[in-house]
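Close look at the chain arrangement
Now for the letters of each chain:
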Amino acid sequence: MSIRSKLIIFMLVLLTAVSAVMALLFQQNELSSISANSQRKNLQILLAMSEVCKEMSATPDKSYAYRYFKTFLKTPEIIQVSCSGPKGRVFLVDRYYSPQPAPFAYHFKTFPPSRTGIWETRSDNGVEILKASLNSLNAKKQSITASVDFSTQLIYQEMDSSLRRSSASFFIILSISFALGCAGALIITRVIFAPIESMAEGARIIGSGRLDHKIPVTSKDEMGRLASELNSMADKLKEVSDMKRDFVSSITHDLRSPVTGIELCSDIIRRLAETREYGKIPEQLVSINEHSQRLNSYIDSLLELSKIESGKMTLDIKAVNLEDLADRAVRAFKAYAAQKGLKLEFIVNQDIPDTRGDPDRLYQVLSNIVGNAVKFTNSGSVSVFIEAEPGWQKVRVCDTGIGIPEGEAGNIFGKFYRINHGKREYPAARQGTGLGLFIAKFIIEQHSGRIEVESAPGKGSVFTVFLPA
Ligand SMILES: Nc1ncnc2c1ncn2[C@@H]1O[C@H](COP(=O)(O)OP(=O)(O)OP(=O)(O)O)[C@@H](O)[C@H]1O
Ligand SMILES: [Mg+2]
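The numbers attached to residues start from 1 for each chain and follow its sequence in the written order. Labels follow written order: the first chain is A, the first ligand is 1, and so on. Thresholds applied to this predicted model are a pLDDT of at least 70 for local features of residues and 80 or more for the giving and counting of side-chain atom pairs; totals over whole chains, interfaces and linings are not thresholded and use all residues. Working from all heavy atoms in the structure, the side-chain values ignore hydrogens and water.

Some remarks on the site of ligand 1
Residues in close proximity to ligand 1 total 22 residues, the closest being Asn372, Lys375, His421, Thr433 and Leu437. Measuring from an oxygen atom of ligand 1, one finds a side-chain N or O atom of asparagine 372 at 2.8 Å. Out of a free accessible area of 600 Å², ligand 1 has 95% covered by protein chains. A run of H or I in DSSP becomes a helix once it reaches four residues, and a run of E becomes a strand once it reaches two; helices and strands are each numbered from the N terminus. Only α8 (359–375), α9 (436–446) and β12 (460–468) provide two or more residues apiece to the shell around ligand 1. With four residues, α8 is the single largest residue contributor to the shell around ligand 1. Here the shell around ligand 1 is composed, by residue class, of 10 nonpolar, nine polar and three charged. Any residue with a non-hydrogen atom lying within 4 Å of a molecule or strand is treated as near it. Pairs of N or O atoms within 3.5 Å make up the polar contacts considered here, provided that, within protein, one atom can donate a hydrogen while the other can accept it, and that residues adjacent in sequence are counted only when both atoms are side-chain atoms. Accessible surface is estimated by sampling points in the Shrake-Rupley manner with a 1.4 Å probe; for residues, cover comes only from the protein chains shown. In this classification, Asp, Glu, Lys and Arg are treated as charged, Ala, Val, Leu, Ile, Met, Phe, Trp, Tyr, Cys and Pro as nonpolar, and every other residue, Gly included, as polar.

If you want it as structure tokens, here you go:
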């Protein structure tokens, strides 16, 4: 069952439960309020009756009281009214015909007693009667008792019909609210699930390989955010997939060129041997050696990457001296820098003690950073500084080279990431796997250190390696 159907069922169950509870509460409430109203009305009748009795007992003219009594008796529930004086004499009694009531829809408990007067029920020829009487003193200080007999059946009948009336209107309102609630639930689930369904469809299309598909972002709420997140995820996937494609095409080209070089050189050597021109052979051997070195470094980088990804890169920690390592790295690139006409200098401003780390891995990091500096600089200098600050030892590599475009500084530490500097004068930039800084960052982080980069495009870059002292 879909989440949408589950949600609709849940909302309907909730609506039904709420309606049932409301109906129950309403009935209870209405019942007690109708009972209280009826009681108040009957008490008012008794009080009015008592006033009439007091008046009547004090004057000889009973005709006006009689008219009042007649009026009382027009109320259907009243069966009998009477007044009695000090000697128990009944001044006036009347009786009213009590019709048999219809059966009730509601069940009423016994009629709630009032605190004023005496209220008691009795049965008279099968008719249940509620007798209310009230004692008071008239103007001549004589004790007067006013009594009213109500038919409980008729009281209940009156309560029953007023409860029926209010229940009918309540249930009409409740049904309308329930219908509106159901419609609301359907609309809400539609509104919530329409974008989810569109996102599911979008994710299916993206999953099928169409990474340039865009999921429509129709709102600025959580759904809108989710859609834009999915879109940017697809963008990232596309970026990675493009990068992989570029990498595969460039790595095959990069791997092929040294292999072709080796093949060519060995062919030349073979021919030189045939023609016995042995003097030209060493030159070709140097070339073969260079091509093999390049090939080896590509393969090394790829192997390192697979080690990192499979979690198998381990460090052989011992005492290391950063100055010695940096010195070695600088010397390794002396010839390359000289060939490019660059000044490569190594500046140690203060002696720094040994620290702990994996010397081979740290050398690998420094030689990549110094190598990059030389590779991406065509004129000026590359300077390597050894520095210390509390808690840290630093190697700072400054160059006056091509620089890193704004916004790219964070990307260059990514796997296979190489900036398309788009300049013909940096042919070396096209060589390399784009793995050097990724591996360097990983190694330095394994040593609890960090690498920072600052750069001004066209002016140069500064890479600083921080190692815990
Ligand atoms: N000093 C620098 N000046 C300008 N750009 C740099 C510098 N150092 C690195 N970069 C940029 O960062 C990218 C990534 O460097 P990284 O060392 O990871 O790869 P690479 O040098 O291209 O290849 P590899 O190190 O595997 O031979 C480089 O391709 C280059 O575009
Ligand atoms: Mg590099």
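Details of α8
Taking 1.5 Å as the rise per residue, α8 with 17 residues should run 24 Å; its terminal C-alpha atoms sit 23 Å apart, in good agreement. In terms of burial, α8 is a largely internal element, 15 of the 17 residues being buried. The N-cap residue of α8 is aspartate 358: its side-chain oxygen and the backbone nitrogen of aspartate 360 are 3.1 Å apart. Given the number of residues in a helix, its expected span is that number minus one, multiplied by 1.5 Å. For every residue, the accessible area (1.4 Å probe, protein chains only) is compared with the maximum for its type, and the residue is labelled buried under 20%, exposed over 50%, or partly exposed between those bounds.

Topic: the domain arrangement of the protein chain
According to the domain assignment, the protein chain contains domain 1 (3–96 + 113–179), domain 2 (222–309) and domain 3 (318–468). Here the limits of each domain have been adopted from an automatic or database domain assignment. On a C-alpha basis, the centroid separation for the pair domain 1 and domain 3 is 99 Å.

Considerations on the packing of helix α1 (residues 3–58) against helix α2 (residues 63–72)
Interhelical geometry of α1 versus α2 gives an angle of 165° and a closest axis separation of 10 Å. If you check the angle between α1 and α2, you find them roughly antiparallel. Two packed elements cross with a definite hand, and for α1 against α2 that hand is left-handed. Where α1 approaches α2, its residues Ile45, Ala48, Met49, Val52, Cys53, Glu55 and Met56 are matched on the opposing element by Tyr64, Ala65, Tyr68, Phe69 and Phe72. Every axis corresponds to a line fitted to the C-alpha atoms, with the helix fit spanning only the stretch in contact, and the corresponding angles, defined between N-to-C directions, vary from 0 to 180 degrees. Under this scheme an angle from 65 to 115 degrees is roughly perpendicular, one under 35 degrees roughly parallel, and one over 145 degrees roughly antiparallel; angles in between are oblique. Left-handed describes a crossing whose near helix is turned anticlockwise from the far helix by less than a right angle; the clockwise case is right-handed. Only heavy atoms enter the contact rule, under which two residues are in contact if any of them lie within 4.5 Å.

Remarks on the sheet that holds β12
What the five strands build is an open sheet, ordered β7-β9-β10-β12-β11; its pairing is mixed. Both outer strands of the open sheet, β7 (343–348) and β11 (450–456), are each paired with one neighbouring strand and no more. Strand-to-strand twist across the sheet, computed as the mean angle between neighbouring axes with direction ignored, equals 15°. Note: strand β9 (residues 381–389) against strand β10 (residues 392–399), eight bridges, orientation antiparallel. When the bridges of β10 are listed, glutamate 389 appears paired with tryptophan 392. At least two DSSP bridges between two strands are required for those strands to pair.

A word on the coordination of the magnesium ion (ligand 2)
Of the protein atoms, only Asn368 (OD1) and Asn372 (OD1) coordinate the magnesium ion (ligand 2), at distances of 2.2 to 2.3 Å. With asparagine 368 and asparagine 372 both in helix α8, this residue pair falls four residues apart, about one helical turn. Here the coordinating atoms are restricted to nitrogen, oxygen and sulfur within 2.8 Å of the metal centre, or 3.2 Å for Na, K and Ca, and because water is not among them the sites may look incomplete.

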